[in-house]
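The primary structure of each chain is shown beneath.
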Amino acid sequence: FPCFDEPGFKATFIITLGYHKKFTGLSNMPVKETKPHESLPDYVWSEFEESVPMSTYLVAYSVNDFIHKPSMLPNGVLFRTWARPNAIDQCDFAAEFGPKVLQYYEEFFGIKFPLPKVDQVAIPDFSAAAMENWGLVTFVESKMLYSQDPPSSIKKPEIANVIAHELAHQWFGNLVTMKWWTDIWLNEGFATYVANLGVEYVYPEWRYLLEESVSDMRTIFILDALEDSHPISRPTEISLEISKNFDLVTYKKGSIVLRMMNSVLGEESFHSGLMSYLQKYSYKNAEQDNLWESFTQAAHNKSALPESYEIKTIMDSWTLQAGYPVINVTRDYSGKNAELSQERYLSRSQMTHFKRKGCWWVPLSYTTQGEQDFNNTSPKAWMECGKSGETLPKTIQDLREADQWVIFNTQLSSLYRVNYDTKNWKLIIETLTNGDFERIHLLNRIQLIDDACHLAETGRLDYIIPLELITYLQKERDPL
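The model shown is predicted, which means the values in this text are computed figures rather than measured ones. (Residues numbered from 1 in each chain as written. Predicted model: local features only at pLDDT ≥ 70, side-chain atom pairs only at ≥ 80, totals over all residues. Heavy atoms only, no water.)

Here we look at helix α1 (residues 92-109)
Reasoning step 1: Compared with the 26 Å implied by 1.5 Å per residue over 18 residues, the 26 Å span of α1 between its first and last C-alpha is a close match.
Reasoning step 2: Counted residue by residue, α1 has 13 buried out of 18 residues, so it is predominantly covered.
Reasoning step 3: Following α1 by one or two positions, glycine 110 has its phi on the positive side, about 70°. (Helix = DSSP H or I, 4+ residues; strand = E, 2+ residues; numbered from the N terminus. Expected span 1.5 Å × (residues − 1). Buried < 20%, exposed > 50% of the residue type's maximum accessible area, 1.4 Å probe, protein only.)

What follows is the structure, encoded as structure tokens:
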């Protein structure tokens, strides 16, 4: 329909549909009134309630011959799952999971779902996998329907993830929308991260958050190590550039840096900043700087970040430039300290030093063999950047035991690789191969293997290190 189709222009909408009475009409809001058509026998007009303020790309309507499975949330929101009559028996999983994850989001975001109903609809022929239209969420059938006999082509976790992703958008994207497509990552990165949390909450036995965190990190470690990668937030000047922003870097790297921010700030500060942001910009538009302001205020209020630090300064280094760093750790075993430096990690080892330039504000979480505290993902120190964006060296003091390893990036909580001096690698290998290898957290065991192999592949590390390190795998029993 004719409109100013830009996310920054929000309006309320009253939808009226005319259709044969044998069909069902759906839109974002519930039906307000249905009456006979004035001139066409057996046709009706259905007028829907006026919508909340929303962007035009979220307006949706459907005329169909589907049937539905009803559910009801504790707060009274009607939740319906629609499909073709001969496919409705494959909606049981979606009809059960959808209301559960929506209720979780209400608690997580601290804001009740603002519409009186949610319809999720399985469409036989749909060019997109799914679309988060407010109150009328649409899916291609293969992403919503689940059958055990005959077995579906995808498994429950994938269906749950797609549903959780689109329902997360009801807050991040619909309630608060980016001003322009430059910041589409605010929509997609958050929906990707929060969907992982939602699936994990409903089905903790799947270990979904753990598996997706590893999968996303591995994907971005490869894609973002390419010279032609792009920043998460990149200028979008013309409409033809918009579709380019919907890629794995936007979705998965966006999710990773938000997980990193959660690890840096801690659950309490992260949630406080998130809720403040959503409440302040409800039914409005925002930019990434608005989110950073909310996080900074929450972090300072909770003493989760030094007063001299700003989230914008930190996060701009992760969202406005492509790539990620490798942190080089060189220990002085007699002086009981370590010198750290950073450079951009690129998968082509022959790249010039200029190509490897870049500086990131890196949260340095770490633990030692004596501590073995992998549960603490808060940074004990930071690698900082100068005012001109130059890298600044960092010294870690008081690494007391010269015969014990240190491991950085606990639980793989941040997006960087780590390369140690040979002795520290050897100390790690000794624990993995001859000691109790499970005392090193699973995520860090994965990190150590992945880093060592890729660092050797790019000429930064002797191949003897990964070859010796992976010999411990004969004892490993975790399928990840």
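Comments concerning the packing of helix α5 (residues 248-265) against helix α6 (residues 267-280)
Reasoning step 1: Interaxial distance between α5 and α6 falls to 6 Å at its minimum, and their mutual angle equals 120°. Comparing the axis directions of α5 and α6 gives the class oblique. Within the contact between the two elements, α5 uses Leu258, Met261, Asn262 and Leu265 and α6 uses Glu267, Ser269 and Phe270.
Reasoning step 2: Considered class by class, the residues forming the contact of α5 with α6 number 4 nonpolar, 2 polar and 1 charged. (Axes fitted to C-alpha atoms, helices over the stretch in contact; angles between N-to-C directions. Parallel < 35°, antiparallel > 145°, perpendicular 65-115°, else oblique. Contact = heavy atoms within 4.5 Å. Nonpolar A, V, L, I, M, F, W, Y, C, P; charged D, E, K, R; others polar.)

Thoughts on the sheet that holds strand β12 (residues 136-140)
Neighbouring strands of a sheet are bound in pairs by backbone hydrogen bonds; such pairs are parallel or else antiparallel.
Reasoning step 1: Here we have 5 strands laid out as an open sheet, ordered β8-β9-β10-β12-β11, and mixed in their pairing. Looking at strand neighbours, the two that pair on one side only are β8 (67-72) and β11 (130-131), the edges of this open sheet.
Reasoning step 2: Of the strands in this sheet, β9 (78-83), β10 (117-123), β11 and β12 touch helix α2 (residues 156-168), which is tilted by about 150° from β12. (Pairing = 2+ DSSP bridges.)

Digging into helix α3 (residues 184-202)
Reasoning step 1: If you check α3, its first and last C-alpha atoms are 27 Å apart, about what 19 residues at 1.5 Å a residue would give, namely 27 Å.
Reasoning step 2: Within α3, 17 of the 19 residues are buried, which leaves the element mostly enclosed by the surrounding structure.

Structural notes on the pairing of strand β7 (residues 61-64)
Reasoning step 1: Burial along β7 is one-sided: the residues Ser62 and Asn64 are buried and none of Tyr61 and Val63 is.
Reasoning step 2: Of the strand pairs in this sheet, strand β3 (residues 24-27) and β7 are connected by 4 bridges, and their pairing is antiparallel. Each bridged residue has a counterpart across the sheet, and for glycine 25 the counterpart in β7 is valine 63.

As for the environment of leucine 432
Reasoning step 1: Following the sequence through the fold, leucine 432 ends up in helix α9 (residues 422-434).
Reasoning step 2: Taking C-alpha positions, leucine 432 is 51 Å from methionine 72, a pair spaced 360 residues apart along the chain.
Reasoning step 3: Contacts of leucine 432, omitting those with residues within four sequence positions, involve Phe437, Ile440, Arg445, Leu448, Leu469, Tyr472 and Lys475.

Some thoughts on the packing of helix α7 (residues 288-301) against helix α8 (residues 311-319)
Reasoning step 1: Contact geometry for α7 and α8: axes closest at 9 Å, N-to-C directions at 135°. On the basis of the axis angle, α7 is oblique to α8. Between α7 and α8 lies a crossing of right-handed hand. Residues Gln288, Asp289, Trp292, Phe295 and Thr296 of α7 touch α8, and the partners they reach there are Ile311, Lys312, Met315, Asp316 and Thr319. (Left-handed = near helix turned anticlockwise from the far one by under 90°.)

What about the packing of aromatic side chains?
Reasoning step 1: Using the criterion set out here, one finds 35 aromatic pairs in the structure.
Reasoning step 2: Measuring from centroid to centroid gives 4.5 Å for tyrosine 104 and tyrosine 201, while their planes differ by 25°, and the two rings are stacked. Linking tyrosine 104 in helix α1 with tyrosine 201 in helix α3, this pair joins segments that are 97 residues apart in sequence.
Reasoning step 3: The class for tyrosine 104 is buried, based on a relative accessible area of 12%.
Reasoning step 4: Classification of tyrosine 201 by relative accessible area gives partly exposed; the value is 49%.
Reasoning step 5: Taking the centre distance of 6.5 Å and the plane angle of 25° together, the rings of phenylalanine 190 and phenylalanine 270 count as stacked. In this pair, phenylalanine 190 is assigned in helix α3 and phenylalanine 270 in helix α6, connecting sequence segments 80 residues apart. Comparing phenylalanine 190 with phenylalanine 270, the two get one shared label, buried.
Reasoning step 6: One cation-aromatic arrangement involves arginine 417 over phenylalanine 221; the distance from NZ or CZ to the ring centre is 4.2 Å.
Reasoning step 7: A cation sits over an aromatic face here: arginine 417 above tyrosine 345, 5.0 Å from the ring centre. (Phe/Tyr/Trp six-rings, centres within 6.5 Å; stacked < 30°, edge-to-face > 60°. Lys NZ or Arg CZ within 6 Å of the ring centre and 35° of its normal.)

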